[in-house]
Amino acid sequence: MRSKSQSPINLKLILIGFFLVFLLFLVLRSTFSTSPQQNQSLDHSSAVSNSLSSEDQPKSSSSVACPTHTCNKIAPSLANALVHYVTSNVTPQQTSKEISVSLRVLEKKSPCNFLVFGLGHDSLMWTALNNGGRTVFLEEDKSWIEQIQSQLPSLESHHVIYDTRITQADELMEIGMSNEDCKKVTDPRMSKCQLALKGLPQQVLDTDWDMIMVDAPTGWHDGAPGRMSAIYTAGLIARNKKDGGTNVFVHDVDRVVEDQFSKAFLCEGYLVEQQGRIRHFNIPSHRARLGRPFCP
């Protein structure tokens, strides 16, 4: 998730423009919106105004959908994101087209529960786009968590330990495809599949997630843990949801592991779209309908 090089400046301008447009929308909505109760009060006042004297005329209601001082304020998550990206020399690693894939879902789902594998320069953006919801980040590098938290203390992040290496990818793929335990939908802590991440925080596993983004752990060199377990576990969490579907996104699908493991364990039958290096799956709850096959 962390960018190894500075992203193009036009992406930064796009993000800044998005937040400014969103702020303008909030201001205009608070200016022109009127609650149903207020409309009824105004209509009633007009109907009886001719029959009442100026002394008996009821005072017009001053109530609005929300207090003016609240409506006119930008949400803290949006304000923090705007200031951060305006003053920062780093921008999100995903391209604007790739970001738009998850943004379209967030526009429909937020505020929602959004789980992100990876903590990076785009984390504040995801939190802002899910304004009012819960966005949680899982990161492999403890020192990186401390660095980000010192700069952005409002972000919720947890340290995760991975015990795999990229060089094990072929072996783990064979295990995942041949071992029946890997096709069973259960809590990752109870799974007997070698691919399942069993050390995730309880508050993560006890939450029904509406969206999951897999953009970590590191997977670009042989000594890296790779995203084999992250992708498999994301699918397991989605299937284990009590009810409804979970939108799962995998970034860097131009790489072998992300490509093969997302197709195998998130299932091509659940694939919604691919834009650039990001893939979007919608995985239904398997708890809500027992007997559903692992892949359609």
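Residues numbered from 1 in each chain as written. Predicted model: local features only at pLDDT ≥ 70, side-chain atom pairs only at ≥ 80, totals over all residues. Heavy atoms only, no water.

Chemist: Can you explain helix α8 (residues 169-178)? Please cite residues and give values.
Modeler: Those residues of α8 lying buried are Ala-169, Leu-172, Met-173, Ile-175 and Gly-176. Burial along α8 is one-sided: seen end-on, the buried residues are contained in an arc of 165 degrees. Of the exposed residues in α8, those oriented more than 90 degrees away from the buried face are Asp-170, Glu-174 and Ser-178. Buried residues along α8 sit against α10 (228-239) and α11 (256-267). (Buried < 20%, exposed > 50% of the residue type's maximum accessible area, 1.4 Å probe, protein only. Helix = DSSP H or I, 4+ residues; strand = E, 2+ residues; numbered from the N terminus. Arc of directions from axis to C-beta. Contact = heavy atoms within 4.5 Å.)

Chemist: Report on the pattern of salt bridges, specifying residues and quantitative values.
Modeler: Tallied over the entire structure, the rule returns 15 salt bridges. A salt bridge links Asp-252 to Arg-277, with the nearest nitrogen and oxygen atoms 3.3 Å apart. Here the residue Asp-252 occupies a position in the loop between β5 (246-251) and α11, and Arg-277 occupies one in the loop between β6 (271-275) and β7 (278-283), the gap between them amounting to 25 residues. Judged by its relative accessible area of 24%, Arg-277 falls in the partly exposed class. (Salt bridge = Lys/Arg side-chain N within 4 Å of Asp/Glu carboxyl O.)

Chemist: If you had to explain the state of the cysteines to someone new, which residues and values would you point to?
Modeler: For the structure on display, the rule yields 2 disulfides. Here Cys-267 engages in a disulfide with Cys-295; their sulfurs sit 1.8 Å apart. A torsion of -75 degrees about the S-S bond marks the disulfide between Cys-267 and Cys-295 as left-handed. On the criterion of sequence distance, the pair formed by Cys-267 in helix α11 and Cys-295 in the segment after β7 is long-range, its members being 28 residues apart. Look at Cys-267 and you get buried, because its relative accessible area is 0%. Under the relative-accessibility criterion, Cys-295 is labelled partly exposed at 27%. (Disulfide = S-S within 2.5 Å.)

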